[in-house]
Amino acid sequence: MNAFNVETIRSIAKSLGRFLAIAGIVALGCGFYAGLRMSGPDMRIAADRFYDGTNLYDVRVLSSLGFDDAQVDALKQIEGVEAVMPAKSTDVMTMMGTDQYAVRVSTFDADAARSSTCEDGNTVESSDDAYLNRLVLADGRWPQSAGECLLSADRVMVSPINLGDKVDVLYGSQSLDEVLERTTFTVVGLVHSSSYASAVTQGSTTLGSGKIEQFMFVTDDSFDADCPYTELFVTVQGAHDKFSGSSSYEDVVGKVVSKIEEQAPALANSRLESIKRDAHAEIDDEAQEYEDKKAE
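A short tour of the structure in this document, coming up.

This brings us to the sheet that holds strand β1 (residues 59–67). Sheet architecture is open: three strands sit in the order β1-β12-β2, paired in antiparallel fashion. Looking at which strands have only one partner, the edges of the open sheet turn out to be β1 and β2 (81–87). Taken over all neighbouring pairs, the strand axes of this sheet differ in orientation by 25 degrees on average, direction set aside. Note that β1 and strand β12 (residues 229–236) share five bridges and pair antiparallel. Bridged to Leu62 within β12 is Glu231. Docked against the sheet, helix α3 (residues 69–76) engages β1, β2 and β12, running at close to 160 degrees with respect to β2. Along the sheet, helix α5 (residues 247–295) makes contact with β1, β2 and β12, crossing β1 at roughly 15 degrees.

Structure below.
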């Protein structure tokens, strides 16, 4: 044993307590650093599992003219598109208890949700492959009819939200006369949604403070039957097997996005022609009614 090793052993032996304290601090620091290094990858892995388990959309298609079934069918024919789920949504200011909140109201596939199962709180099993953005029911039940709704179980509200509470719609970012069938909803369930992974940031709006403060899911019959779809959710073939956010995922989805963008003018023209046909049909009906009344 050389002199250096002898001196090291003597130093440790003379101040064993201080040596153990320093060793403990070093070990704690290494463990803390390792935990920080792994928290990011672990969170991304957990998010990817949640996205896959709830069949989260890969592409969200929007239009200022809205969509009808013709555009939905056309989008399904684009190469690489796996499934398309249309939805209706609108932003509203609501009164919950004594507080006002900016809320995004959206439809969901209530029939598919009621027949789905979720055993682990993350993976929603459904026989309907076109059921996207699957909700995880945390408390309560699924809505059965117009006027019943689901709210976020993750959002921390000024006043706690309970099952059976009322949500009163005050006004919206657009006229609600031809959008919503109801202006009062009853909370029948609380859900987790992979579409709103953050409990803090849930999107922007032109109402209130400019931030969506809560999301609400309702059945299709809570919206006016003539209200067009406002958004189309699309899944891409092969994207489910890729890690969310990875370059390979972006490559697979990006190819389909390019094809959708190429078809965008045709989709918009199709929708415009549909609006014109409906308008002309309404004018013809009114004109005929006028002629009938005039003849009388």
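On to the side chain of Thr54. Mapped onto the secondary structure, Thr54 falls in the loop between α2 (16–53) and β1. For Thr54, the residues in contact, after removing those within four places along its chain, are Asn122, Val124, Leu132, Asn133, Arg134, Val136 and Ser194.

The next thing to look at is the pattern of salt bridges. Per the stated rule, a full pass over the model turns up six salt bridges. With a shortest N-O distance of 2.8 Å, Arg60 and Glu231 are connected by a salt bridge. With Arg60 in strand β1 and Glu231 in strand β12, this pair connects stretches of sequence that are 171 residues apart. Using a relative accessible area of 4% as the deciding quantity, one classes Glu231 as buried. Across the pair Glu148 and Arg141 runs a salt bridge, and its minimum N-O distance is 2.8 Å. A residue is classified by how much of its surface remains accessible, and Glu148, at 14% relative accessible area, is buried. In this structure Arg141 comes out as partly exposed when scored by relative accessible area, which is 36%.

The rules behind the values
- Residues numbered from 1 in each chain as written.
- Predicted model: local features only at pLDDT ≥ 70, side-chain atom pairs only at ≥ 80, totals over all residues.
- Heavy atoms only, no water.
- Pairing = 2+ DSSP bridges.
- Helix = DSSP H or I, 4+ residues; strand = E, 2+ residues; numbered from the N terminus.
- Axes fitted to C-alpha atoms, helices over the stretch in contact; angles between N-to-C directions.
- Contact = heavy atoms within 4.5 Å.
- Salt bridge = Lys/Arg side-chain N within 4 Å of Asp/Glu carboxyl O.
- Buried < 20%, exposed > 50% of the residue type's maximum accessible area, 1.4 Å probe, protein only.

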